[in-house]
Amino acid sequence: MTNVEIGKEIVAAGIKTNYHELGTGEPVFLIHGSGPGVSAYANWRLVLPTLGQLFRVIAPDMAGFGFTERPKNYIYSKDNWVEHIIGMLDALKIERADFIGNSFGGALAIATAVKHPDRIGRLVLMGAAGTHFELTPGLDAVWGYTPSIEKMRNLLDIFAFDRSLVNDELAKLRYEASIRPGFQESFGSMFPAPRQRWVDALASSDEQIRNLANEVLLIHGRDDQVVPLSSSLRLFQLLENVQLHSFARCGHWVQIEAANDFCRLVVDFLSKPH
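Residues numbered from 1 in each chain as written. Predicted model: local features only at pLDDT ≥ 70, side-chain atom pairs only at ≥ 80, totals over all residues. Heavy atoms only, no water.

A. Structural context of the overall build of the chain. If you tally the helices and strands in the chain, you get 13 helices and eight strands. Dimensions of the chain along its principal axes, counting C-alpha atoms only, are 45 × 40 × 35 Å. Counting every position in the chain, which comprises 274 residues, the buried fraction comes to 56%. When contacts within the chain are restricted to residue pairs at least 6 apart in sequence, long-range pairs at least 24 apart make up 74% of them. (Helix = DSSP H or I, 4+ residues; strand = E, 2+ residues; numbered from the N terminus. Buried < 20%, exposed > 50% of the residue type's maximum accessible area, 1.4 Å probe, protein only. Contact = heavy atoms within 4.5 Å.)

Put into structure tokens, the structure is as follows:
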């Protein structure tokens with residue numbers, strides 16, 4: 001049986017990288033979050049078909065996640081993940097791309113724009129980390145996950161405001177994803193307690209954020225229990241060329257809980273003339 005989470009493979013920054021690619025328009029990279037068992041496909045599956053009709057959409061599994069190689073003794077750090085992103089741009093011969101980053105992926109998109117401003121165009125940051133905020137109980141639970149169906153079910157309850165999206169079948173699927181060979185080993189090594197330091201390690205400084213010239217669209221669920229809305233409000237205060245859209249009765253999964261609205265906002269933002 002074909003695993004839909006496995007797409008194409010390319011070597012980026014020396015790492016065999018699993019990624020999904022749809023469409024033929026302007027390049028747009030989608031960087032997933034850091035939940036246990038996550039993959040690019042699991043994170044973006046509901047929006048890839050729509051965005052792929054208008055853009056060349058590229059959704060990679062970042063180093064340590066999904067079906068991308070987990071090199072022995074690899075150090076999971078913001079700088080190395082940024083290097084992996086630039087490696088993908090280079091391997092695919094893409095000079096400059098727009099980026100959509102979810103949570104952890106938002107922090108990486110910001111850090112890449114800070115370090116390589118010539119490579120990053122417009123930014124869509126959804127439920128994005130990347131600022132200094134107090135570790136939430138929700139994020140502590142996500143990063144501290146150890147495999148069990150019950151713990152995965154509890155995490156899904158944290159991610160989604162709408163509990164109807166969270167059923168036993170989804171919990172079982174995500175649990176099984178989290179126990180694939182190598183998945184928990186790499187995940188468990190990334191964010192050991194105390195975890196406030198990893199929030200801070202993923203953050204860019206206020207000055208770095210303030211100096212970004214990119215056009216930025218911020219999207220955030222008002223009821224996000226993982227990355228607080230205050231993170232996007234801080235970005236909104238610091239950034240010059242920015243707009244913010246927040247959804248009530250929505251948690252950390254705007255791209256799932258409000259997929260149609262998410263796509264409409266993103267398409268409108270990325271389709272505007274430069």
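B. Up close: the packing of helix H6 (residues 149–159) against helix H7 (residues 168–178). In the contact formed by H6 and H7, the axes pass within 8 Å of each other and the chain directions differ by 115 degrees. Viewed along their axes, H6 and H7 adopt a mutual orientation that is roughly perpendicular. Crossing hand, H6 versus H7: right-handed. Along the contact surface, H6 presents Ile149, Met152, Arg153 and Leu156, while H7 presents Asp168, Leu170, Ala171, Arg174, Tyr175 and Ser178. (Axes fitted to C-alpha atoms, helices over the stretch in contact; angles between N-to-C directions. Parallel < 35°, antiparallel > 145°, perpendicular 65-115°, else oblique. Left-handed = near helix turned anticlockwise from the far one by under 90°.)

C. Focus on the pattern of salt bridges. For the structure on display, the rule yields 14 salt bridges. Arg153 is paired through a salt bridge with Asp168; the nearest N and O atoms lie 2.7 Å apart. Placement of Arg153 in helix H6 and of Asp168 in helix H7 is noted, with a sequence separation of 15 residues between them. Two residues, Lys172 and Glu176, come together in a salt bridge whose shortest N-O distance is 2.9 Å. Here Lys172 pairs with Glu176, and both are found in helix H7, just four residues apart, close to one helical turn. Residue class for Lys172 comes out partly exposed when judged on its relative accessible area of 43%. Several salt bridges share partner residues, and in doing so they unite Lys8, Glu21 and Arg56 into one network. (Salt bridge = Lys/Arg side-chain N within 4 Å of Asp/Glu carboxyl O.)

D. Region of the structure containing the packing of aromatic side chains. Summed over all chains, the structure comprises 13 aromatic pairs. Counting every residue linked through ring pairs, the aromatic cluster contains Phe65, Tyr74, Tyr76, Trp81, Phe104, Trp143, Phe187 and Phe191. The ring centre of Phe183 lies 4.4 Å from the NZ or CZ of Arg70, which sits over that ring. (Phe/Tyr/Trp six-rings, centres within 6.5 Å; stacked < 30°, edge-to-face > 60°. Lys NZ or Arg CZ within 6 Å of the ring centre and 35° of its normal.)

E. Representation of unusual backbone geometry. A cis geometry characterises the amide bond from Ala193 onward to Pro194, with omega recorded as -5 degrees. Topologically, Pro194 is positioned in the loop between helix H8 (183–190) and helix H9 (196–202). With a phi close to 55 degrees, Arg249 is a non-glycine residue in the positive phi region. Among the secondary structure elements, Arg249 is positioned in the loop between strand S8 (242–247) and helix H12 (254–257). Judged by its relative accessible area of 61%, Arg249 falls in the exposed class.

F. Here's a closer look at the nonpolar core. Judged by nonpolar contacts, the single largest core of 66 residues is most densely connected at Phe29, Trp81, Phe99 and Leu125. Beyond its immediate stretch of four places on either side in the chain, Phe99 contacts Phe29, Ile31, Ile85, Leu89, Ala109, Ile120, Arg122, Leu123 and Val124. If you look at the next biggest cluster of nonpolar residues, it comprises 27 residues, including Leu30, Val47, Met126 and Phe262. (Core = buried A, V, L, I, M, F, W, Y, C linked by side-chain atoms within 4.5 Å.)

G. Up close: the pairing of strand S1 (residues 8–12). As judged from the five bridges shared by S1 and strand S2 (residues 15–22), these two strands associate in the antiparallel manner. The partner of Ala12 across the bridge, within S2, is Ile15. What sits between the antiparallel neighbours S1 and S2 is a turn of two residues, in which Ala13 has the positive phi angle 50 degrees. (Pairing = 2+ DSSP bridges.)

H. Spatial organisation of the state of the cysteines. Throughout the structure, instances matching the rule amount to zero disulfides. Among the cysteines around Cys250, which has no disulfide bond, Cys263 carries the closest sulfur, lying 13 Å off. The exposure class assigned to Cys250 is buried, which follows from its relative accessible area of 3%. Residue class for Cys263 comes out buried when judged on its relative accessible area of 5%. (Disulfide = S-S within 2.5 Å.)

I. Structural view of the pairing of strand S6 (residues 120–126). With seven of its seven residues buried, S6 lies for the most part within the structure. After leaving strand S5 (residues 97–102), the chain enters helix H4 (residues 104–115) and then returns to the sheet as S6, a path that is right-handed. The pairing of S6 with strand S7 (residues 216–221) spans four bridges and is parallel. Residue pairing in the sheet places Leu125 in a bridge with Leu218 of S7. (Right-handed = clockwise from strand over helix to strand, strands pointing away.)

J. Spatial organisation of the sheet that holds S1. Taken together, the eight strands give an open sheet; going across it, the order is S1-S2-S4-S3-S5-S6-S7-S8, and neighbouring strands pair in mixed fashion. Edge positions in the sheet fall to S1 and S8, since each has one partner strand and no second. This sheet shows a mean twist of 25 degrees between the axes of neighbouring strands, independent of strand direction. In the sheet, S2 pairs with strand S4 (residues 56–60) via four bridges, with the strands oriented antiparallel. Its bridge partner lying in S4, Leu22 is registered against Val57. The sheet strands contacting helix H3 (residues 78–91) are S1, S2, strand S3 (27–31), S4 and S5, and the helix crosses S1 at an angle near 110 degrees.

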